[in-house]
Amino acid sequence: MAKISQIRRLAILINKLSAVQYVPTDELISYVENTLALYDNQDANYSQRTMQRDFALIDEIFGIVIRNDKSRGYYIAALDEMTDNYKDLLLNFELLSSINADSVLQKYVLAEHRQNTIRHELIAPLLKAIRKRNPIEFDYTLVRHNGEIIHKQLLPHFLKESQHRWYLIGYDTDGKLKTFGVDRISTINVLEGTQFHRNELIDIPALFRESYGIWNTPEDPIEDIILKYDSVDGAFVKTLPLHHSQQILSETSTGVTIKLRLRITNDFVMELLSRSRSVEVIAPLSLRTRIYATLQQAANRNKPSKPESEERID
């Protein structure tokens, strides 16, 4: 079992090699030593032999293969399909483990703590079913249908986190790939005596490439979207793009206009509404109409009533 200090080294190596394409041997060893020293780690002395053992462990645990090009240095040569998730987890681990180990830092680094939407008792059966290719049965709560509970059978393929929620993605009995919020799953049963054939040809990144948030409507068209923000919100959108397709069309002292190309999902509409104080939908008209109708309904619901002193008394 890897110790905390060893996992920290793995995180440092992966994060460094993810940020730079090639890192020479001496530079990589020096980087690990210097980073460990910043943590006041007593194991700051780091050798090439230890690094090679760490590379083997990274391959075994995370499916990340690291090779050495003699003229340029070490680089990530192959990635597991879950690598992006692992890299995010390790980046968070490197930060949070440092905070937890330092009573001073705990006072000054304020992490956001949210209730985990994936219950502990669901983790093991879901991961086992995905790993062993076992179908599952479960009860599912339909929030938009007054809490109606339906029974589902699914061939589970992936778990994905989006907007602080976890989702199970798999093939339904109608043969379509569908998404289910894990927080709405209950009474799960793994059918261990049956195995399904996993579709290894699914392009996992493509499932989410043209969507914002969790993918759930592949039939929706991919559209060109043009948005205009004022200078304040525009600065935030520039530094943290809404989507990888984002392009800056124009920028003035009064605002920023951007272009995106993606499916218009509920998650995306909710993101636009979060900056409703400044966002203007230039195109398409259908999205502009949808935002207008939503804001109009919200305005009607939240219209202030007259103070009692202004009410007419007959």
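Up top is the structure.
Residues numbered from 1 in each chain as written. Predicted model: local features only at pLDDT ≥ 70, side-chain atom pairs only at ≥ 80, totals over all residues. Heavy atoms only, no water.

Engineer: Help me understand the packing of aromatic side chains in this model?
Structural biologist: The way to describe two aromatic rings as a pair is by their centre distance and the angle between their planes. On inspection of all chains with the given rule, the structure shows six aromatic pairs. Here the aromatic rings of F138 and F180 are separated by 5.6 Å at their centres, their planes lie at 80 degrees, and the arrangement is edge-to-face. In this pair, F138 sits in strand β3 (residues 136–142) while F180 sits in strand β6 (residues 177–181), placing the two residues 42 residues apart along the sequence. Residue F138 is classed as buried on the basis of its relative accessible area, which comes to 0%. (Phe/Tyr/Trp six-rings, centres within 6.5 Å; stacked < 30°, edge-to-face > 60°. Helix = DSSP H or I, 4+ residues; strand = E, 2+ residues; numbered from the N terminus. Buried < 20%, exposed > 50% of the residue type's maximum accessible area, 1.4 Å probe, protein only.)

Engineer: Even after reading the chapter, I still don't get the sheet that holds strand β11 (residues 280–283), so can you show me in this structure?
Structural biologist: Ordered in space as β9-β10-β8-β11, the four strands form an open sheet in which the pairing is antiparallel. Bordering the open sheet on either side are β9 (247–251) and β11, each of which pairs with just one other strand. Neighbour-to-neighbour, the strand axes of the sheet open up by a mean angle of 30 degrees, direction not taken into account. Bridging between strand β8 (residues 222–230) and β11 involves three bridges; their strand directions are antiparallel. Within β11, the residue paired with I226 across the bridge is A283. Packed on one face of the sheet, helix α8 (residues 231–239) meets β8, β9 and β10 (255–263) and runs near 130 degrees to β8. In the packing of helix α9 (residues 266–274) onto the sheet, contacts are made with β8, β10 and β11, and the angle to β8 comes to roughly 10 degrees. (Pairing = 2+ DSSP bridges. Axes fitted to C-alpha atoms, helices over the stretch in contact; angles between N-to-C directions. Contact = heavy atoms within 4.5 Å.)

Engineer: Can you help me understand the environment of R133 in this one?
Structural biologist: Checked against the element boundaries, R133 lands in the loop between α6 (120–132) and β3. Classification of R133 as partly exposed rests on a relative accessible area of 27%. For the pair formed by R133 and L155, sequence separation is 22 residues and the distance between their alpha carbons is 7.5 Å. In this view, R133 contacts K128, T194, Q195, F196, H197 and R198; residues no more than four positions away in its chain are not counted.

Engineer: Could you clarify how one ought to interpret the pattern of salt bridges in this entry?
Structural biologist: Tallied over the entire structure, the rule returns 13 salt bridges. Here R261 makes a salt bridge to D224, at a shortest N to O gap of 3.0 Å. Of the two residues, R261 sits in strand β10 while D224 sits in strand β8, which places them 37 residues apart along the sequence. Here D224 falls in the partly exposed class, since its relative accessible area comes to 38%. Each of K152, D172, D174 and K178 takes part in salt bridges that share partners, so that together they form one network. (Salt bridge = Lys/Arg side-chain N within 4 Å of Asp/Glu carboxyl O.)

Spatial relationships are all this shows, so hold off on functional conclusions.
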